[in-house]
Each structure stands twice: as C-alpha cells, then as structure tokens.
Amino acid sequence: NVATSAQHLALDTHSTLVYSKDNERLVVTIGLDDIVIVDAGDVLMVCKVDQSQRVKDVVEHLKKHHQEKYL
C-alpha cells in the first residue's frame with residue numbers, strides 16, 4: 001500500500017495506491033486489493049490497478065462532453 005499526501009487507514013487492503021491533494025483527508029479502505037484511488041479535489045477516481053491506463057479514455061470523454069473543468 002502507498003498513500004501520497006493522504007492519511008490512509010487500510011484494513012485488509014493490499015497493493016493499493018491512495019493519492020489526495022488534501023493531506024488532512026482520511027481515506028479508509030476495507031477489503032480492497034489492487035486499487036488506485038485519486039482524490040483531486042473536484043474529481044474522485046477509483047479503479048483497479050490494471051485499468052489505470054484508461055484515464056486517457058476519461059480525458060477524451062470529458063473533452064467530448066465539454067467538461068474540461070475536471071481536467
């Protein structure tokens with residue numbers, strides 16, 4: 001488990017990455033394996049590690065639907 005700029009309480013959680021812009025936010029994970037959690041303030045992304053490369057699909061979707069404010 002890796003927590004970057006976040007307080008992370010991990011119960012039965014393995015191979016999980018937690019990132020938050022807010023180092024005061026507590027992120028609690030229970031029973032998770034191989035998960036990526038990114039809290040960018042106005043966007044929260046949660047996905048399996050092996051799906052993290054699909055962020056580009058999200059970017060394309062947001063651009064197509066004129067939601068660039070989330071990029």
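See above for the structure.
What you see as residue numbers is a count from 1 along each chain, following the sequence as written. Where totals are concerned, whole chains, interfaces and linings use all residues; where local detail is concerned, this predicted model gives features only for residues with pLDDT of at least 70, and gives and counts side-chain atom pairs only at 80 or more. Each side-chain value is worked out from all heavy atoms of the structure, with water and hydrogens disregarded.

1. Quick look at the overall build of the protein
Then comes step 1: Strands here are runs of E lasting at least two residues and helices are runs of H or I lasting at least four, both read from the DSSP assignment and numbered beginning at the N terminus. Helix and strand counts for the protein stand at 1 helix and 6 strands.
Then comes step 2: Secondary structure elements of the protein occur, N-terminal to C-terminal, as β-β-β-β-β-β-α.
Then comes step 3: Along the three orthogonal principal directions, the C-alpha set of the protein runs to about 40 × 25 × 15 Å.
Then comes step 4: Type-normalised accessible area, obtained with a 1.4 Å probe on protein chains alone, sets the label of each residue: buried when under 20%, exposed when over 50%, and partly exposed for intermediate values. The burial tally for the protein puts 18% of its 71 residues in the buried class.
Then comes step 5: Of the roughly 5,100 Å² that the protein leaves accessible, carbon and sulfur atoms contribute 53%. Values of accessible area rely on a 1.4 Å probe in the Shrake-Rupley scheme; residue burial ignores everything except the protein chains shown.

2. A short note on a negative patch on the surface
Then comes step 1: To count toward a patch, a residue needs a relative accessible area over 30% and no salt bridge; like charges are then connected within 9 Å, while nonpolar side chains (Val, Leu, Ile, Met, Phe, Trp, Tyr) are connected within 5 Å. Throughout this description, the term salt bridge denotes a Lys or Arg side-chain nitrogen within 4 Å of a carboxyl oxygen of Asp or Glu. This count recognises Lys and Arg as positive and Asp and Glu as negative, with His and chain-terminal groups excluded. To locate a charge, take atom NZ for lysine, CZ for arginine, CG for aspartate or CD for glutamate. On the surface, Asp 12, Asp 33, Asp 34 and Asp 50 cluster together to form a negatively charged patch.
Then comes step 2: Position of Asp 33 among the secondary structure elements: in the loop between strand 4 (26-30) and strand 5 (35-39).

3. Describing the pattern of salt bridges
Then comes step 1: Using the criterion set out here, one finds 2 salt bridges in the structure.
Then comes step 2: In this structure, Arg 25 engages Asp 39 in a salt bridge whose closest nitrogen and oxygen atoms are separated by 2.5 Å. Linking Arg 25 in the loop between strand 3 (17-20) and strand 4 with Asp 39 in strand 5, this pair joins segments that are 14 residues apart in sequence.
Then comes step 3: On the basis of relative accessible area, Asp 39 is assigned to the buried category, the value being 8%.
Then comes step 4: Arg 54 is the partner of Asp 57 in a salt bridge, and the nearest nitrogen-oxygen pair spans 3.2 Å.
Then comes step 5: On the basis of relative accessible area, Asp 57 is assigned to the partly exposed category, the value being 32%.
Then comes step 6: A relative accessible area of 47% places Arg 54 in the partly exposed class.

4. Structural notes on the side chain of Thr 29
Then comes step 1: Within the fold, Thr 29 resides in strand 4.
Then comes step 2: Given the relative accessible area of 2%, Thr 29 is considered buried.
Then comes step 3: There is a polar contact of 2.8 Å between the side chain of Thr 29 and the side chain of His 8.
Then comes step 4: Among all residues touching Thr 29, those that are not within four sequence positions of it are His 8, Leu 9, Ala 10, Leu 11, Thr 13 and Ile 37. Any pair of N or O atoms that falls within 3.5 Å is considered a polar contact. Within protein, one atom must be able to donate a hydrogen and the other to accept it, and sequence-neighbouring residues count only if both atoms are side-chain atoms. What makes two residues a contact is simply this: any of their non-hydrogen atoms within 4.5 Å.

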